[in-house]
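# Summary of structural features
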Protein chains: 2
Amino acid sequence: MEPNMEKDVAIAESLALVERSIIAMLGTVDGNGHPNIKAMMNMEHEGLKVVWFSTNTSSKRVAQILQNPKTCVYFVDADQFKGLMLVGTIEVLQDDKSRQRLWRPGCEKYYPLGVTDPDYSVLRFTASWGNYYHGLSNITFDI
Amino acid sequence: MEPNMEKDVAIAESLALVERSIIAMLGTVDGNGHPNIKAMMNMEHEGLKVVWFSTNTSSKRVAQILQNPKTCVYFVDADQFKGLMLVGTIEVLQDDKSRQRLWRPGCEKYYPLGVTDPDYSVLRFTASWGNYYHGLSNITFDI
């Protein structure tokens with residue numbers, strides 16, 4: 001029940017899905033070994049290899065990631081029955097360059113002290129493999 | 001950065017979100033300890049305690065669940081910045097009653113042999129706790 005599709009088609013459709021997605025779902029593993037999911041604003045990516053997010057340093061998500069960097073990022077187009085899962089690891093960054101890179105107008109709503117707010121962290125996810133599906137077809141590929 | 005909301009409001013908004021969601025994201029943990037996410041059709045639920053899905057017995061998701069039943073189910077309304085995560089465990093069922101319960105017109109596309117197709121399984125997720133957020137407010141509650 002898992003017919004294949006061509007890898008180059010899957011990569012192209014995956015990139016298009018990432019480009020048009022407003023949000024991405026970040027999957028983490030909590031201290032009890034349960035998966036957790038949270039919708040994140042889809043801000044920036046480098047192909048399918050790296051996905052960047054920003055979040056509050058004080059959030060439960062950051063605490064989980066510091067304990068266990070194994071994560072996944074999921075993009076979905078429910079209307080077209082398309083989905084992309086990227087699986088890999090994630091880092092919590094607070095260097096100036098990364099913070100400036102992700103800063104957007106309106107970020108001060110979440111980080112009142114601005115780009116140097118200690119509660120402002122950047123997440124850099126790096127994928128090792130992915131799975132893309134469209135309808136009943138899907139393919140798993142290294143990244 | 002995590003102001004509270006009233007639990008009864010959160011429960012009511014959570015139920016409304018579940019009711020109007022076409023899909024739900026199912027979080028599992030793979031054999032390497034990475035979280036995995038897959039969009040599922042949102043078919044049936046009992047309050048916030050139990051969520052039912054159907055899937056192919058031969059799918060990677062079923063193999064993962066049989067190894068590790070720790071799962072989560074996530075509903076999101078990206079436009080309104082609302083999201084509900086339910087965390088708990090999931091069972092794979094193939095009894096007649098469960099299969100009949102989840103069978104819908106069109107299911108034969110996925111399970112050509114019909115309601116007794118060996119590749120047709122039902123998933124019953126049972127939540128132990130949840131987290132609901134709306135904008136910058138969120139609340140965690142037992143279920």
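Here is what the cut-offs are and how they apply
Residues numbered from 1 in each chain as written. Chains lettered and ligands numbered in written order. Predicted model: local features only at pLDDT ≥ 70, side-chain atom pairs only at ≥ 80, totals over all residues. Heavy atoms only, no water. Least-squares fit on C-alpha atoms with pLDDT ≥ 70 in both. Helix = DSSP H or I, 4+ residues; strand = E, 2+ residues; numbered from the N terminus. Buried < 20%, exposed > 50% of the residue type's maximum accessible area, 1.4 Å probe, protein only. Salt bridge = Lys/Arg side-chain N within 4 Å of Asp/Glu carboxyl O.

## What about the relation of the copies chain B and chain A?
Mapping chain B onto chain A calls for a screw motion: a turn of 180° about the axis and a shift of 0.0 Å along it, with 0.0 Å RMSD after fitting. Between the two chains, the operation in question is that of a two-fold axis. Taking C-alpha positions as reference, the residue of chain B nearest the rotation axis is P35(B), located at 2.9 Å.

## Re unusual backbone geometry
Residues and elements named next belong to chain A. Positive phi outside glycine occurs at F81, with the angle close to 55°. By the secondary structure assignment, F81 is in the loop between β5 (70-77) and β6 (82-93). Taking the relative accessible area as the measure of exposure, F81 reaches 42% and is therefore partly exposed.

## Some words on the pattern of salt bridges
Residues and elements named next belong to chain A. Tallied over the entire structure, the rule returns twelve salt bridges over all chains. We note a salt bridge from K82 to E13, for which the minimum N-O separation is 3.7 Å. Taken together, the positions of K82 in strand β6 and E13 in helix α1 (residues 7-20) put the pair 69 residues apart, joining distant regions of the chain. Judged by its relative accessible area of 11%, K82 falls in the buried class. Assessed through its relative accessible area of 23%, E13 is described here as partly exposed. R101 is the salt-bridge partner of E46, the closest N and O atoms lying 3.3 Å from each other. Highlighted residues: E46 in strand β3 (residues 44-46) and R101 in helix α3 (residues 96-102), separated in sequence by 55 residues. The class of E46 is partly exposed, set by a relative accessible area of 35%. Here the salt bridges do not stand alone but share partners, grouping E44, E46, R101 and R104 into one network.

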